[in-house]
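# Geometric and topological summary
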Amino acid sequence: MLPLDDLDRRLIAALQADARAPVAKLAAVLGLSRNTVQKCLDRLVASGTILGFTVRVRAEHASNLIHAVMMIEVAGKSTSAVIKSLRGLPELYALHTTNGHWDLVADLRAQSLADFDRVLRQVREIDGVLNSETSLLLTSA
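Residues numbered from 1 in each chain as written. Predicted model: local features only at pLDDT ≥ 70, side-chain atom pairs only at ≥ 80, totals over all residues. Heavy atoms only, no water.

## So, the overall build of the protein chain
Scanning the protein chain from N- to C-terminus turns up five helices and four strands. Helices and strands appear in the protein chain in the N-to-C order α-α-α-β-α-β-β-α-β. With respect to the three principal axes, the spread of C-alpha positions in the protein chain is 50 × 40 × 25 Å. The burial tally for the protein chain puts 30% of its 141 residues in the buried class. For the protein chain, the proportion of contacts with a sequence separation of at least 24, taken over those separated by at least 6, is 65%. Looking at charge distribution, the protein chain has the averaged site of its 16 positive side-chain charges lying 8 Å from that of its 15 negative ones. (Helix = DSSP H or I, 4+ residues; strand = E, 2+ residues; numbered from the N terminus. Buried < 20%, exposed > 50% of the residue type's maximum accessible area, 1.4 Å probe, protein only. Contact = heavy atoms within 4.5 Å. Lys, Arg positive; Asp, Glu negative; His and termini not counted. Charge placed at Lys NZ, Arg CZ, Asp CG, Glu CD.)

And the structure:
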């Protein structure tokens, strides 16, 4: 993975605030040339540091989504391969490594229960996944 420098972190923070911002606006916010920002952005995308651009929706507007947290136990040294496979799932919203019994925690979002069921099966079929436990998130407090 590409080590991040100060410019990378500042650009990522600006994109997290507004992923739709044009490069010219990002350059103005960062006090840099458009060309410098574009090269940095291209490098971050090409290296896989930036996986994509998305829209964050308030929970009350995303109520039609099935939202769940899946804890995953991984076999031995297969964590990197499992993470790579999981990142290929469009329903994966976020993925975290953790300590304790579970090795990974996946934030999953699907359009329907049928889609959600398909994703659960796909995750369980990944080589290196030993066990998983999934909880549907019903309401946000």
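## What about the nonpolar core?
Formed by 20 residues in total, the largest nonpolar core has its most connected members in Ile72, Leu86 and Leu108. Counting residues per element, this core draws most heavily on strand 1 (residues 66-74), which supplies five residues. Those residues in contact with isoleucine 72 that sit more than four places away from it in its chain are Leu86, Trp102, Asp103, Leu104, Ala106, Val123, Val129, Asn131 and Ser132. (Core = buried A, V, L, I, M, F, W, Y, C linked by side-chain atoms within 4.5 Å.)

## Thoughts on the packing of aromatic side chains
Summed over all chains, the structure comprises zero aromatic pairs. Across from the ring centre of tyrosine 93, 3.5 Å away, lies the NZ or CZ of arginine 109, which sits over that ring. (Phe/Tyr/Trp six-rings, centres within 6.5 Å; stacked < 30°, edge-to-face > 60°. Lys NZ or Arg CZ within 6 Å of the ring centre and 35° of its normal.)

## Thoughts on helix 4 (residues 79-86)
At 3.6 residues per turn, the α-helix brings residues three or four places apart onto the same side. Within helix 4, the full set of buried residues consists of Val82, Ile83 and Leu86. Angularly, the buried residues of helix 4 cover 100 degrees about the axis, an arc narrow enough to put them on a single face. Turned more than 90 degrees away from the buried face of helix 4 sit Ser80 and Lys84, all of them exposed. Buried positions along helix 4 lie against strand 1, strand 2 (92-97), strand 3 (104-110), helix 5 (113-124) and strand 4 (129-136). (Arc of directions from axis to C-beta.)

## Comments concerning the pattern of salt bridges
Enumeration according to the criterion identifies seven salt bridges in this entry. Linking arginine 10 and aspartate 6 is a salt bridge whose minimum nitrogen-to-oxygen distance equals 3.8 Å. Within this pair, arginine 10 and its partner aspartate 6 are both found in helix 1 (residues 6-17), separated by four residues, close to a single helical turn. For aspartate 6, a relative accessible area of 48% gives the class partly exposed. Ionic pairing is found between arginine 118 and glutamate 91, a salt bridge with its closest N-O pair at 2.6 Å. Highlighted residues: arginine 118 in helix 5 and glutamate 91 in the loop between helix 4 and strand 2, separated in sequence by 27 residues. (Salt bridge = Lys/Arg side-chain N within 4 Å of Asp/Glu carboxyl O.)

## Things to note about the environment of serine 135
Structurally, serine 135 is set in strand 4. Relative accessible area serves as the criterion here: at 32%, serine 135 is assigned to the partly exposed category. Those residues within four positions of serine 135 in sequence are excluded, and the remaining contacts are His67, Ala68 and Val69.

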